[in-house]
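Take a look at the letters that make up each chain.
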Amino acid sequence: MKQELKLTVNGQPYEVYVKPKTLLVQVLRDHLGLTGTKRGCSDSSCGACTVMLNGMAVKSCSILALQADGADIVTVEGLARGTELHPLQKAFLDHGAYQCGFCTSGMLMASRSLLEENPKPTKEQIKEGIDGNICRCTGYNSIIRAVTAVVKGEYKEEK
Amino acid sequence: MIKDFERLAPKTLKEALTLLEEYKDDCKVIAGGQSLLILMRQGLVAPKYLVDIKGLSELAYIKDDKEGLKLGALTTHRAIEKSPVIKKKFSVLAEMEQRLASIQTRNWGTIGGNICHADPAGDPIPVLIALNATLTVTGLKGERNLPVEDFSRDYFETVLEPGELLTEIQIPALPPRTGAAYTKFNVIESDLATTSVGVSVTLGAGDGVCQDIRIALGASAPTPMRAKKAEAVLKGKKITDALLKEAGEVASTEAEPISDIYASDEYRRELVKVLVARVAREAIARAKA
Amino acid sequence: MSSKYSVIGHRVHNVDGTEKVTGAARYTFDVVLPNMLYGKVLRSSHPHAKILKIDTSKAEKLIGVKAVVTGKDTPGHKQGIWRRFPELCDEEILCRKKVRYIGDPVAAVAAVDEDTAEEALDLIEVEYEPLPAVFDPLEAIKEDAPQIHDGVELNINVTRHIEWGDVDEAFKKCDHIREDQFKCPSQAHVCMETHDAVADFGYNGKLTVWTSSQSSYYIQRLFADMLDMSESDIRVMNRHTGGGFGSKFELDSAQFPAAILSMKLHRPVKIVLTREEEFIATKRRTPMYYYLKLGAKKDGTLLAKEARAITEGGAYTAMGATALYLTGFFSSFPYKYPNYRYDGYRVYTNTAPTSAMRGFGAPQSTFVGESQLDMMAEDLGIDPIEIRRKNGMTPDYVVPGQAFIQSCGLHQCLDKIEDHIKERGKLPPNHGIGIAAYGFMSGGIFNWFNTPYAFSAALVRINVDGKVDLYTGACDIGQGSNTTLSMICAEELGVRLEDVRIFSGDTGICPPDLGAWGSRETLMNGNAVKRAAADAKRQLLEFAAAKMGPNIVYDLDIKDRFVHLVDRPERGISYFDVVKEAIRGKDGNAIIGRGYYTPHRKGMISPAYSFGVQAAEVAVDTETGKYKLVNVTTAHESGTVINPVGIEGQLEGAIMMAGGYGFCEDQPMDEGKILNPSIADYKLIRSLDMPETEILEIDTYEPEGPFGAKEAGEGLTNPTAGAIGNAIYKAVGVRINDLPITPEKVLRALKEKQKKKK
């Protein structure tokens, strides 16, 4: 028996009808067509599905969609402002902090959440911030360099 | 594949308890779901009804007074990790949370959910045992309190009766000259423990004799356990390196670890031996500070 | 880093970068078509069994199920990537009479959604007659072992032999001989995007497949074999692909069942493997028992090496025969052995098939070889760097009967690492630095697929606005080939990177390329692209010469969109103007350049090799055996660096994978069942576990490669396990000969060492 789910995603309000067992990631990808968020595992271990929910980084494959009723979600599609890329996106481009790109959305959202909570993290804290995300291509260090560059203020956002 | 279920989302604790009483074994409780959803996806758990208590904000709180710390069962791991009062007064709790799974899991998962999942390799319970914590279990008939070390019955099984919910965790204020520490052993930093040890020690004034000691072992038995014989080696004595070594050896005989693909039981016992001495030493240093 | 070139050698954004960081990149995982169904695969739970009966009737009746297929719905062929050798084409994919490993597919379902398809699997009834099974190659090779494939005696699937000189005579002349045994485990690729495919068979009899692949060319050909179809009626499109690492250039159990279902229903069918299926049924690194005998003179000169590998083949041949050969070939790298002998045996077992994984047999041979070499060095009282210096390959070395090494910067790499170790100075107690050297190929010359030669082809089209379309079958699986090839095209043609748009991995429009494996794209496809761009440029310059009318002695060239006299670079015309007029002069037809590369007379293995030396630093906790990977520093050379950002990424990423092979990755099995088929249980290095990495580039130039470039993506998966093993020995004096090196193994070794002391 489907139930109503109201949530805001990337600033847009949505209303969908979902079965109770539907996961948040299924709403984002299948109902709303926001396929930037990926899935890479079945046991909440890879982090590819990371989005921000009410400002917190969460694994969208591990949350029942109905628990996100009324929530404010940000996915990778919501990072850029119009045509202006987010500083993290620019830094990822400059530092080659992605290769196949499948983990990239999750890495960006985990990093963004980290910086919203703590704009000046240490290197150790940056590593902690993405420790829930597996990358098989980069070896993580380029991602850490990209985030560090943003922390250092190399990508001042235009107000 | 998650099997279909009916989701019930009570708005108050009383409503929740009423539902649990009504549906009993036909229902399961979900809080953050960080452990439960994995089991449901694998088809290991397939309840007809899911009582979703994640929204019960009345059960999410951190209260600190002269008696000690009171945590609502729905407090998230991340809230515990970041709480200034916990970092100051019960730092071992915040340290343990910092290496529990990932930030994403900690943002949504709750301490109550973790305790009720009763994974013998889980991090919170050994730390709570070391801290002499108690739990409040609530049903429609009323509340009962029990020590945390009596809560786990077996692998992934607790003493919760149908109709009951874990509602609060109490950690008594640490007596003066008390130090507590926790270590989990793993190869990958944020992994589940291969073996873990939590120790709390209270030293006497002046002479430094060990007045009280609690040693908790994780991933060393079907449930988290206290190494009481090892405690007896140290309690009431002035602690030396030799005694710590002996306590470690005794603890390793008390443990009943399994062999699995990660480690043999023999190696786990060796880890208990080494880690009990190490963590106790760290706890003593903190007690003296 | 400055570059003498306009485009290559510069730090650029990956050409797919913006799509990837905005979530706009579409992978097969994201493909949704109108009228599409979802498929699931039923797999054997027995390691070895006859299939007596399959009853699909209940599944077919489930609401939402549109079709259920089994082996009898296929033409019944066996496929294998060693296509020129029919006896090695042994895999049906959808099994008809027999299953040979836990996970072997037996049926597939198409339904309106994934959950319904999964439910339907439970309703398919398969009657098996279990057969005795065997899991270890040393057991499977015995007389009384169960026979896994008809007619294959002792389950010996393939043997390989490489020899030069006379090792038996040479051993007699040695001052010191070592014999050592090692065990190398399997490893899972763990691509972030699992195997997936959307197959769409139309009423026009044509099949279109979107799939995550390293070689659309191979997939197209294998589909043609398996479906009795003509190649050109099959179009395989590689979308953005979430990793390959060797797992995605064979026809797999997402692609084939999806096609069979689609052919039955004339509707698109999408199959995405779960992570569990990915672990148990998508092939893996070849486990090997290795025996090595090494002989040297007391001054450290290596005289002879004998290597023997018995490898666990798993249920089917797959690419295992190539791994068997390459491990034996690279067991002779990177040193000059006057006498060498290798014998390899690949043995069928009732386990998941073992095949290609980044390094292709060389991580195994490098671990065992570099471990033994350090042991030999210690026996002789020679420094580990010195013994490698004494015997290391040099430019223009010939591996007898096997290979011509042209460029080789191994010695400069040794020097750099020696300096690095000196700089680290005196280490704290229980810290150690260990080294390992490697060499690796830039694409395989051998081709067992359909022609005797490996090849790459490319097409360059200059459009009226001067923008360039580059068409190549090369597949970008994250290694950045789209960017590297676009850079080569832009450099050769004389335009900017942003002027080039690449279409890759689509058999419908791209010229064929064998795909992204064996580290071939930069050198092999890069050469094809360079030649295609040169062809287009030549045509353009012919027109420009006629237009500009310079004196016959002057040559023209294009650089940074300016067509100019080479000797008077300030004199010329805009490239855009030349293009417009040239196309007008050709009745509006675009200028098309073609290029291909097929290495001839370049030896048996590869036209070029890259080399390097890696130093790993570890810190060991002697009470628990746990060790931390502190730092991994690599000196490497890969010819001219085309895409510096790309290379850095490949090298650091290789360390994560190669480090994992030594540090934590393993696939323990019980009676053929993989015990840890999940990301939580299969241990992977995460950000908190990753060591500090440093890369030291050595400048070399490879004449075979485009602008002097050669491989950089795979060689670096070779040395890390060996460097870690050598580092642990340096730190605490114990040696572990079977991977992964776990804390328990280290502690056990330390305790035994203590016992021996007493």
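Fair warning: this is a prediction, and the values are worked out from it, not measured in the lab. (Residues numbered from 1 in each chain as written. Chains lettered and ligands numbered in written order. Predicted model: local features only at pLDDT ≥ 70, side-chain atom pairs only at ≥ 80, totals over all residues.)

Trainee: Give me the lowdown on the overall build of chain C, citing residues and values where you can.
Mentor: Helices and strands together make up the secondary structure of chain C, namely 18 helices and 30 strands. Against the 2.2 N^0.38 benchmark of 27 Å for 758 residues, chain C shows a C-alpha radius of gyration of 27 Å, consistent with a compact globule. With the principal axes as the frame, chain C shows a C-alpha extent of 90 × 70 × 50 Å. A buried classification covers 62% of the 758 residues belonging to chain C. Across chain C, contacts joining residues at least 24 apart in sequence account for 80% of those joining residues at least 6 apart. (Helix = DSSP H or I, 4+ residues; strand = E, 2+ residues; numbered from the N terminus. Rg over C-alpha atoms; globule rule 2.2 N^0.38 Å. Buried ≥ 20, exposed ≤ 12 C-beta atoms within 10 Å, placed from the backbone. Contact = placed C-beta atoms within 7 Å.)

Trainee: Explain the overall build of chain B to me, using residue names and the numbers behind them.
Mentor: Helices and strands together make up the secondary structure of chain B, namely 11 helices and 14 strands. The globule rule puts the C-alpha radius of gyration for 289 residues at 19 Å, and the 19 Å found for chain B is close to it. Overall, the C-alpha framework of chain B stretches about 60 × 45 × 30 Å when taken along its three principal axes. Here chain B, with 289 residues, has 56% of them falling under the buried criterion.

Trainee: Can you lay out the domain arrangement of chain C for me, pointing to particular residues and giving the numbers?
Mentor: Many descriptions give the size of an interface as the accessible area lost when the pieces come together. Residue and element names in this part refer to chain C. As far as domains go, chain C holds domain 1 (17–25 + 455–597), domain 2 (31–131 + 192–243 + 248–281) and domain 3 (353–436 + 604–757). Taken over C-alpha atoms, the centre of domain 1 sits 38 Å from the centre of domain 2. Between domain 1 and domain 2, the contact holds 15 residues from the first and 15 residues from the second. Its residues assigned to classes, the side of domain 1 that touches domain 2 shows 7 nonpolar, 6 polar and 2 charged. (Domains from an automatic or database assignment. Nonpolar A, V, L, I, M, F, W, Y, C, P; charged D, E, K, R; others polar.)

Trainee: Go over the nonpolar core, please, and point to the residues and values.
Mentor: If you look at the biggest cluster of nonpolar residues, it comprises 389 residues, and the most contacted ones within it are V276 of chain B together with C489 and I728 of chain C. Ranked by residues supplied to this core, first place goes to helix α11 (residues 265–288) of chain B with 12 residues. Each residue touching C489 of chain C, except ones within four places of it in the same chain, is listed here: V460, V468, L470, V500, V529 and A533 of chain C. (Core = buried A, V, L, I, M, F, W, Y, C linked by C-beta atoms within 7 Å.)

Trainee: Let's hear about the domain arrangement of chain B: which residues, and what values?
Mentor: All names here are of chain B. Taken domain by domain, chain B comprises domain 1 (6–52), domain 2 (57–172) and domain 3 (178–288). The C-alpha centroid of domain 3 is placed 21 Å from the C-alpha centroid of domain 2. Each side of the interface is counted separately: domain 2 has 22 residues, and domain 3 has 22 residues. Here the side of domain 2 that touches domain 3 takes 5 residues from helix α8 (residues 124–130), the largest share from any one element. Split into classes, the residues belonging to the side of domain 2 that touches domain 3 amount to 12 nonpolar, 4 polar and 6 charged.

Trainee: Lay out the interface of chain C and chain A with the relevant residues and their values.
Mentor: Taken together, the contact between chain C and chain A spans 44 residues of the former and 40 residues of the latter. Taken together, the elements giving at least two residues each to the side of chain C that touches chain A come down to α1 (17–21), α8 (275–281) and α16 (644–663) of chain C. No other element matches the 8 residues that α16 of chain C contributes to the side of chain C that touches chain A. Here the residues of the side of chain C that touches chain A sort into 16 nonpolar, 20 polar and 8 charged.

Trainee: Which residues make up the sheet that holds strand β5 (residues 72–74) of chain A, and what values go with them?
Mentor: Strand-to-strand pairing in sheets goes through backbone hydrogen bonds, with the strands running parallel or antiparallel. Residue and element names in this part refer to chain A. Across the sheet, 5 strands lie side by side as β2-β1-β5-β3-β4; this open sheet has mixed pairing. Looking at which strands have only one partner, the edges of the open sheet turn out to be β2 (12–18) and β4 (56–59). Between one strand axis and the next, the sheet turns through 40 degrees on average, direction left out of account. Sitting on the sheet, helix α1 (residues 24–31) touches β1 (3–9), β2 and β3 (50–53), and the angle it makes with β2 is about 105 degrees. (Pairing = 2+ DSSP bridges. Axes fitted to C-alpha atoms, helices over the stretch in contact; angles between N-to-C directions.)

Trainee: Mind laying out the pairing of strand β13 (residues 210–218) of chain B, listing which residues take part and the relevant values?
Mentor: The side chains of a regular strand alternate between both faces of the sheet. Residues and elements named next belong to chain B. Within β13, 7 of the 9 residues are buried, which leaves it mostly tucked inside the rest of the structure. Of the pairings in the sheet, the one linking strand β12 (residues 195–203) to β13 comprises 8 bridges and is antiparallel in character. By the bridge assignment for β13, S200 is matched with R214. The turn linking β12 back onto β13 is made up of 6 residues, and G206 within it adopts a positive phi angle of 70 degrees. Sheet topology places β13 next to strand β14 (residues 225–226); 2 bridges connect them, and they run antiparallel. By the bridge assignment for β14, L217 is matched with M225. Count of turn residues in the β13/β14 antiparallel hairpin: 6 residues, of which A219 carries a positive phi of about 55 degrees.

Trainee: Describe unusual backbone geometry, and please don't skip the residues or the numbers.
Mentor: It is generally the case that most residues other than glycine have a negative phi and that most peptide bonds are trans. Residues and elements named next belong to chain C. In this chain, F333 is followed by P334 through a cis amide linkage whose omega measures -15 degrees. Note on placement: P334 falls in the loop between α9 (320–330) and β15 (339–348). Across the junction of L739 and P740, the peptide omega takes the value -10 degrees, indicating a cis bond. In this fold, P740 is placed in the loop between α17 (720–732) and α18 (743–757). The phi dihedral of N155 is positive, around 55 degrees, even though this residue is not glycine. Position of N155 among the secondary structure elements: in the loop between α4 (137–140) and β7 (156–164). Given 23 C-beta atoms within a 10 Å radius, N155 is considered buried. The phi torsion at V190 lies on the positive side, around 50 degrees, for a residue other than glycine. Along the polypeptide, V190 turns up in the loop between β8 (176–184) and β9 (196–201).

Trainee: Run through the sheet that holds β15 of chain C, naming residues and quoting values.
Mentor: Residue and element names in this part refer to chain C. Spatial ordering of the open sheet is given by β7-β15-β14-β13-β8, a layout of 5 strands whose pairing is mixed. In this open sheet, the two edge strands, each paired with only one partner strand, are β7 and β8. Going across the sheet, the axis of each strand differs from the next one's by a mean of 5 degrees, ignoring polarity.

Trainee: How would you summarise the interface of chain B and chain C if you had to cite specific residues and measurements?
Mentor: Counting residues at the interface gives 13 residues for chain B, matched by 16 residues for chain C. No other element matches the 4 residues that α11 of chain B contributes to the side of chain B that touches chain C. When grouped by side-chain class, the residues that make up the side of chain B that touches chain C number 9 nonpolar, 2 polar and 2 charged.

Trainee: How would you sum up the environment of T223 of chain B? Please name residues and give values.
Mentor: All names here are of chain B. The topology assignment puts T223 in the loop between β13 and β14. Sequence separation of T223 and D119 is 104 residues, and the distance between their C-alpha atoms is 7.5 Å. Sequence-distant contacts of T223, defined by excluding residues within four places in its chain, comprise P120, S152, R153 and D154.

Trainee: How would you explain the packing of helix α2 (residues 87–95) of chain A against helix α5 (residues 141–151) of chain A if you had to name every residue and give the values?
Mentor: Residue and element names in this part refer to chain A. Contact geometry of α2 with α5 gives a least axis separation of 8 Å together with a crossing angle of 135 degrees. As the angle between them shows, α2 and α5 are arranged oblique. Like other packed secondary-structure pairs, α2 and α5 cross with a definite hand, here right-handed. Counting all contacts with α2, which are made through P87, L88, A91, F92 and H95, the residues of α5 involved are S142, R145, A146, V147, A149 and V150. When its residues are assigned to classes, the contact of α2 with α5 shows 8 nonpolar, 2 polar and 1 charged. (Parallel < 35°, antiparallel > 145°, perpendicular 65-115°, else oblique. Left-handed = near helix turned anticlockwise from the far one by under 90°.)

Trainee: How would you explain the packing of helix α11 (residues 384–391) of chain C against helix α12 (residues 410–424) of chain C if you had to name every residue and give the values?
Mentor: All names here are of chain C. The geometry of α11 relative to α12 is characterised by a closest axis approach of 10 Å and an angle of 170 degrees between their N-to-C directions. Put simply, α11 runs roughly antiparallel to α12. Contacts between α11 and α12 involve I385, R388 and R389 from the former and H411, L414 and E418 from the latter. Classifying every residue of the contact of α11 with α12 by side-chain character gives 2 nonpolar, 1 polar and 3 charged.

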